[in-house]
Amino acid sequence: MTSRIRIIGGQWKRRLLPVPDAPGLRPTPDRVRETLFNWLGQDLTGWRCIDLFAGSGALGFEAASRGAARVDMVEQNPAIARGLQGSIQQLGAQGVIRLHRADASRWLAQQQSPGSTPAVGADLILLDPPFRAGWLERILPAALARLAPQGFIYAEADFPLTPEWLARQQCGRLAILRSGRAGQVHYHLLQDTGDGGVSVRAAHDPVADAGTGEDMEAGAGEGIHSGFPGRGWTAP
C-alpha cells in the first residue's frame, strides 16, 4: 500500500505525493519540516541543496517548493528512486530537481574526485540516513567538505548530537544552531562556522513525541519556531 506526503509550504503547498512502501522508510513529519524551514527563514530562493538518503523526498521537495535553484536527490533503492522520479515529473520540477540513483557516500566522493568538474558548494545538505548503521559518522565529514562557506546541514539521528561528538568526527567547525526531538528522532540544524565551532549555539526545541500514521503528523506536537534572518546568518 502506498502512503503519501504533503508539501507544507512554497509554490507546491498542499500538494500530495505518493511514497512507496519500503522497509525503514520514515518520512520526516510535517511538524518537524515546518520547524526546520522556519529555522531557515522559509525562502530558499537561489539555494543549492543536496538531499542525501532522499527516501520519500519530503525534505528535498520542500526545499524546491520554497525556491531552491537546484536540489540534488540521492537515493540508492531502485523502487524508491522510481517513485521519486514520478513525483518530480508530476510537479514539473525536472529543471530544479536532479535525481541520482547512487550510494550516498560514493556519490559524494565522485563530486570531489580528481578530474571531476569542481562542484559548487551546497547551501543546505539534508541528512536523514538509516539509524543504527553508522551512516551519520561516515557521511558527515564528506558532507561538510561539500558545503559552501557558512552553509547548513540538517541531520536526523537516533541520538542527540553534541559539540564533543562532532569534534570526534573531525567536524568540530560545525555549530549546533538548533535541535529538537520528535519521538525517537533527534533533529539538528548545523552550520559551518569555519572556526572550530567556537560559536556553538545549542538551543533545543522540544517537540512532543510524533505518533504513527501516513505522514506521522498526527501526534507530532508543536516546536518552537524561531526563524533565522537568512543565508548569511551566523551564530552569535
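Bear in mind the structure is a predicted one, so any value in this text is a computation, not a measurement.

A. Representation of unusual backbone geometry. Not every positive phi belongs to a glycine, and Q42 is a case in point at roughly 75°. Residue Q42 is classed as partly exposed on the basis of its relative accessible area, which comes to 33%. Phi angles above zero are rare outside glycine, and F53 is one such case at about 55°. Summarising the element assignment, F53 is placed in the loop between β3 (48-52) and α2 (58-65). Here F53 falls in the buried class, since its relative accessible area comes to 14%.

B. Summary view of the pattern of salt bridges. This structure, assessed with the given rule, holds seven salt bridges. Taking the shortest distance from any N to any O, the salt bridge between R66 and E62 comes out at 3.2 Å. A relative accessible area of 9% means that R66 is categorised as buried. Linked through salt bridges whose partners overlap, the residues forming this network are R6, D30, R33, E62 and R66.

C. Representation of the nonpolar core in the model. The biggest cluster of nonpolar side chains holds 37 residues, and the ones touching the most others in it are L36, L40 and F61. Discounting chain neighbours no more than four positions away, the residues touching F61 are I5, I7, W12, L17, S56, M73, L84, S87, I88, L91 and I97. Ranked by size, the runner-up nonpolar core spans 27 residues in total, among them A104, L127, L140 and L166.

D. View of the pairing of strand β7 (residues 147-157). Buried residues dominate β7, accounting for nine of its eleven residues. Alignment of strand β6 (residues 122-127) against β7, held across five bridges, turns out to be parallel. Looking at β7, one finds that L126 is bridged to Y154. For the crossover from β6 across helix α5 (residues 135-145) to β7, the handedness is right-handed. With six bridges joining them, β7 and strand β9 (residues 185-192) adopt antiparallel strand pairing. By the bridge assignment for β9, A155 is matched with H188.

E. Quick peek at α2. With eight of its eight residues buried, α2 lies for the most part within the structure. Those residues of α2 lying buried are A58, L59, G60, F61, E62, A63, A64 and S65.

What counts as what
Residues numbered from 1 in each chain as written. Predicted model: local features only at pLDDT ≥ 70, side-chain atom pairs only at ≥ 80, totals over all residues. Heavy atoms only, no water. Buried < 20%, exposed > 50% of the residue type's maximum accessible area, 1.4 Å probe, protein only. Helix = DSSP H or I, 4+ residues; strand = E, 2+ residues; numbered from the N terminus. Salt bridge = Lys/Arg side-chain N within 4 Å of Asp/Glu carboxyl O. Core = buried A, V, L, I, M, F, W, Y, C linked by side-chain atoms within 4.5 Å. Contact = heavy atoms within 4.5 Å. Pairing = 2+ DSSP bridges. Right-handed = clockwise from strand over helix to strand, strands pointing away.

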